[in-house]
Amino acid sequence: MSKDFYKDLIVYQIWPRSFCDSNGDGIGDIGGIISKLDYIKDLGADAIWLSPVYPSPNHDYGYDIADYMDISPDYGTLDDFKTLLFEAHRRGIKIIMDLVINHTSNEHKWFIESKKSEDNPYHDYYFWRKGKSDKKPPNNWKSTFAGPGWTYDEHLDKWYLHLFAVEQPDLNMDNPKVRKEVKDIMRFWLDMGVDGFREDVITFISKKEGLPDGFPIPVACGIEHYKKGPHLHEYLAEFKDDVLAHYDCFTVGEAPMMTPEYAIELTAEGKDQRLNMMFHFEHMQADCFITDFLQRPFSLKKYKSSMSKWQKALYGKAWNTLYLENHDHPRIISRYGDDKKYRVESGKMLAVSYLCQGGTPFIYQGQEIGMTNIRLPEIEMYEDVATKNVYKMARGFGLSDKMIMSLAKKASRDNARTPVQWNDSKNAGFTAAEKPWFHINPNYTEINVESDLENPNSILNFYKKLIKLRRENPVFTYGNFKEHMENSKDFYVYERNLDGKKLFVICSFSNKAVRFKAPKGINLEYENLILANYNSRKTSDNEFTAKPYEARVYLFG
Ligand code: NOJ
């Protein structure tokens, strides 16, 4: 693989509202981020993905943008942002912005104009359509947040398309004026010095001509007509040729329902590369089906086969992203690990399971200290629009409040959006305000950054060690991939090889002690053990009883 700078980065994701509040209004802000740059650097990260900080009415917490070229007063000013950029760069930390261009807020001036009249110059910026004769929407598409995909406007007697919330009208990317706006937005931030973009649901930006009916399913009906739209390549090529190629920057595209073949089509290195890498969702469905709400028991087999499939398929062709958490999914320890008895052990093991693979790693705020789901008991306590919509829809289907709440406690995105737990003082050190904007997980007295920094055996210090090893040994980033013991119901075992170096990784996903026997031809020596989440004594490493959630990393050569 070629050695582009973005392949060696460790990216830390910040969801600003819940990161750190510097001005005591209960909301995280840019000043708070600046105050934690040394912490991020010390963790070993050298890039930040900043979730949206633009002005927004916050129906989808920043993913409904009302002005692409400004900073929300909740978070600060453009000058504050420039200071952040300067301070980050000074420390060798890159910053990528969230580029949300599939839709805007319904409070964006383009949308306000577009609904004034059919001859308004902005009318065609969105998908306005006449309904079917019987007062029905133009087609049967449904929002990915549950509920209808169209909303009626009486004044125009037309409907507008929104693949997400009602307040997030979809932009009509087929309109060249819209694409020009997108390019202007990109240039605005790149000229200021940002290092690239995480592109929100970027694979949805081209919709099939005629907007035909979709296969009738209750959520995201119609997705087959936009998940891989007819002009996606063309539009991405335009953004790249006209803008991105002229800057030293990188891009990562978010792509629900992405397959390795399609990811390669979009990200394969060479002149047709559209984006540098993609976020796929497959490994996030080892305990659910399509959405986090359609739950099933965690399947190690599914996790392993997805992780390994992407490692093998992209090797030598395109570049992987590695992540287990972000602001859209519940906390990983509460899902694939054990957030009670073995929180620390399983948190470290999960880190090993993905951070020893090839690709650019992403770590979400709080993941590095093993934050867990908050499990809010009542729907009124939730903020997330997707959770509220699913609740409404499921009630409509006749599900009881109790039943839906037991799902929400596990599946809601709000589990990942509680404020970062910095210390054990009031409000977890997140804010000096009396009341933070959102609930703080009561376990902050035990789980917080300060105590993790002090404890040499903490999850945080384990992440630091692992990141350091990754930096020192290119086999972590660039090695090839071979899985062992594929059929094991307890272990995920794989090796990586590069220039005579071999990495051998053992992860037990069992909450019980289980017997491990090295595969034929592998000779594990204690001297080669570079990282473990238990203090392994000098016994035979080729055969041992692995403790619950035990992880070991060996390096040879
Ligand atoms: C993906 C974002 O990560 C998510 O938070 C948002 O709700 C949707 N896209 C819509 O923008």
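Residues numbered from 1 in each chain as written. Predicted model: local features only at pLDDT ≥ 70, side-chain atom pairs only at ≥ 80, totals over all residues. Heavy atoms only, no water.

Engineer: I keep staring at the overall build of the protein and nothing clicks. Help me out?
Structural biologist: Within the protein, the regular secondary structure consists of 15 helices and 20 strands. For 557 residues, the compact-globule estimate of 2.2 N^0.38 gives 24 Å, and the C-alpha radius of gyration of the protein, at 23 Å, lies within 12% of that figure. When its C-alpha atoms are laid out on the principal axes, the protein stretches across 80 × 55 × 50 Å. In the protein, the share of contacts with a sequence separation of at least 24, taken over all contacts with a separation of at least 6, comes to 70%. Put simply, the protein shows about 21700 Å² of open surface, and 52% of that area lies on carbon and sulfur atoms. Considering the protein, the positive charge centre built from 74 side chains and the negative charge centre built from 80 side chains are found 7 Å apart. (Helix = DSSP H or I, 4+ residues; strand = E, 2+ residues; numbered from the N terminus. Rg over C-alpha atoms; globule rule 2.2 N^0.38 Å. Contact = heavy atoms within 4.5 Å. Areas by Shrake-Rupley, 256 points an atom, 1.4 Å probe, with all protein chains shown as cover. Lys, Arg positive; Asp, Glu negative; His and termini not counted. Charge placed at Lys NZ, Arg CZ, Asp CG, Glu CD.)

Engineer: Even after reading the chapter, I still don't get the packing of helix H7 (residues 260-267) against helix H8 (residues 300-314), so can you show me in this structure?
Structural biologist: Axis angle and axis distance: for two packed helices, these are the angle between their axes and the distance between the axes, and together they describe the pair. Contact geometry of H7 with H8 gives a least axis separation of 10 Å together with a crossing angle of 40°. Looking at the two axes, H7 sits oblique to H8. Read as a crossing pair, H7 and H8 show a hand that is right-handed. Here H7 contributes Pro260, Ala263 and Ile264 to the contact with H8, which in turn contributes Lys309, Trp310, Ala313 and Leu314. (Axes fitted to C-alpha atoms, helices over the stretch in contact; angles between N-to-C directions. Parallel < 35°, antiparallel > 145°, perpendicular 65-115°, else oblique. Left-handed = near helix turned anticlockwise from the far one by under 90°.)

Engineer: What is the right way to read the site of the ligand from this model?
Structural biologist: Contacts to the ligand come from 13 residues, most closely from Asp60, His103, Asp200, His327 and Asp328. Arg198 places a polar side-chain atom, nitrogen or oxygen, 3.0 Å from an oxygen atom of the ligand. The side chain of Asp200 places a nitrogen or oxygen atom 2.8 Å from an oxygen atom of the ligand. In isolation the ligand offers 290 Å² of accessible surface; the protein chains occlude 98% of this area. Of the residues in the shell around the ligand, the class split is four nonpolar, two polar and seven charged. (Near = heavy atom within 4 Å. Polar contact = N/O pair within 3.5 Å; in protein donor to acceptor, adjacent residues only side chain to side chain. Nonpolar A, V, L, I, M, F, W, Y, C, P; charged D, E, K, R; others polar.)

Engineer: Where do I start with the sheet that holds strand S1 (residues 11-14) in this structure?
Structural biologist: Backbone-to-backbone hydrogen bonds pair the strands of a sheet. The strands run either parallel or antiparallel. Reading across the sheet, the eight strands line up as S9-S8-S7-S3-S2-S1-S13-S12 and stay open at both edges, with parallel pairing between neighbours. With partners counted over all chains shown, the strands left at the sheet margins are strand S9 (277-279) and strand S12 (321-322), one partner each. (Pairing = 2+ DSSP bridges.)

Engineer: Would you mind going over the sheet that holds strand S5 (residues 150-153) with me for this structure?
Structural biologist: Strand order across the open sheet formed by three strands is S4-S6-S5, with antiparallel pairing between neighbours. Since the sheet does not close on itself, it has two edges, and those belong to strand S4 (128-129) and S5, each with one partner. In this structure, S4 lies alongside strand S6 (residues 158-161), joined through two bridges in antiparallel fashion. Paired with Arg129 across the strands is Trp159, a residue of S6.

Engineer: Help me understand a nonpolar patch on the surface, please; the structure alone is not making it clear to me.
Structural biologist: A contiguous nonpolar patch, built from Met257, Phe289, Ile290 and Leu294 and spanning about 390 Å² of accessible area, is present on the exposed surface. By secondary structure assignment, the location of Phe289 is in strand S10 (residues 288-289). (Patch = residues over 30% accessible without salt bridge, like charges linked within 9 Å, V, L, I, M, F, W, Y side chains within 5 Å. Salt bridge = Lys/Arg side-chain N within 4 Å of Asp/Glu carboxyl O.)

Engineer: Looking at this model, I keep getting lost on the domain arrangement of the protein. Mind explaining?
Structural biologist: The accessible area lost on association of the parts is a frequent measure of interface size. According to the domain assignment, the protein contains domain 1 (8-99 + 321-376 + 412-472), domain 2 (109-161) and domain 3 (480-556). Relative to domain 3, the C-alpha centre of domain 2 lies at a distance of 56 Å. (Domains from an automatic or database assignment.)

Engineer: I'm lost on the pattern of salt bridges in this one. Help?
Structural biologist: When charged atoms on two side chains of opposite charge get close, those side chains can pair. Under the definition given, this model contains 40 salt bridges. The closest approach of N and O atoms between Arg90 and Glu87, which form a salt bridge, is 2.7 Å. Taken together, the residues span about one helical turn, with Arg90 and Glu87 both in helix H3 (residues 78-90) at a distance of three residues. For Arg90, a relative accessible area of 54% puts it in the exposed group. The exposure class assigned to Glu87 is buried, which follows from its relative accessible area of 15%. The partner of Lys207 in a salt bridge is Asp170, with the nearest N and O atoms 2.8 Å apart. Highlighted residues: Lys207 in the loop between strand S7 (196-199) and helix H6 (232-242) and Asp170 in the loop between S6 and helix H5 (176-192), separated in sequence by 37 residues. (Buried < 20%, exposed > 50% of the residue type's maximum accessible area, 1.4 Å probe, protein only.)

Engineer: Would you mind going over the nonpolar core with me for this structure?
Structural biologist: One broad rule of soluble globular proteins: the nonpolar side chains tend to lie buried together. Residues Phe81, Tyr303 and Val352 are the most contacted members of the largest nonpolar core, which totals 151 residues. By residue number, the principal contributor to this core is helix H14 (residues 459-472), which donates seven residues. Counting 17 residues, the second-largest nonpolar core is a separate cluster that includes Trp159, Ala165, Phe204 and Ala386. (Core = buried A, V, L, I, M, F, W, Y, C linked by side-chain atoms within 4.5 Å.)

Engineer: Looking at this structure, I do not really get H7. What am I missing?
Structural biologist: Counting along an α-helix, one turn takes 3.6 residues, and residues three or four places apart therefore face a common direction. The buried fraction of H7 is high, at six of eight residues. Looking at H7, one finds that the buried residues are Pro260, Tyr262, Ala263, Ile264, Leu266 and Thr267. Close packing links the buried residues of H7 with H6, S9 and H8.

Engineer: Looking at this structure, I do not really get the side chain of Asn175. What am I missing?
Structural biologist: Among the structural elements, Asn175 can be located in the loop between S6 and H5. Polar side-chain contacts of Asn175 include one of 2.8 Å to the backbone nitrogen of Lys177. Once residues lying within four places of it in the same chain are set aside, the contact partners of Asn175 are Asp124 and Tyr125.

Engineer: Please clarify how the packing of aromatic side chains should be interpreted in this entry.
Structural biologist: With the rule as written, the count across this model stands at 43 aromatic pairs. On the numbers, 5.1 Å between centres and 35° between planes, the contact of Phe516 with Phe544 is tilted. One end of the pair, Phe516, is in strand S17 (residues 514-517); the other, Phe544, is in strand S19 (residues 543-546), and 28 residues separate them in sequence. Note on Phe516: relative accessible area 0%, which makes it buried. An aromatic cluster of three or more residues is present, and its members are Tyr54, Tyr68, Phe81, Trp110, Tyr122, Tyr125, Phe188 and Trp189. For the cation-ring pair, Arg17 lies above Trp437, with the distance from its terminal atom to the ring centre recorded as 5.0 Å. A cation over an aromatic ring shows up here: Lys36 above the ring of Trp422, its NZ or CZ 4.0 Å from the ring centre. (Phe/Tyr/Trp six-rings, centres within 6.5 Å; stacked < 30°, edge-to-face > 60°. Lys NZ or Arg CZ within 6 Å of the ring centre and 35° of its normal.)

Engineer: Sorry if this is basic, but what is going on with helix H12 (residues 401-411) here?
Structural biologist: For H12, the complete set of buried residues consists of Ile404, Met405, Ala408 and Ala411. All buried residues of H12 lie within an arc of 140° about the axis, which places them on one face of the element. Exposed side chains of H12 directed beyond 90 degrees from the buried face belong to Lys402 and Lys410. On its buried side, H12 packs onto strand S11 (291-295) and helix H11 (385-396). (Arc of directions from axis to C-beta.)

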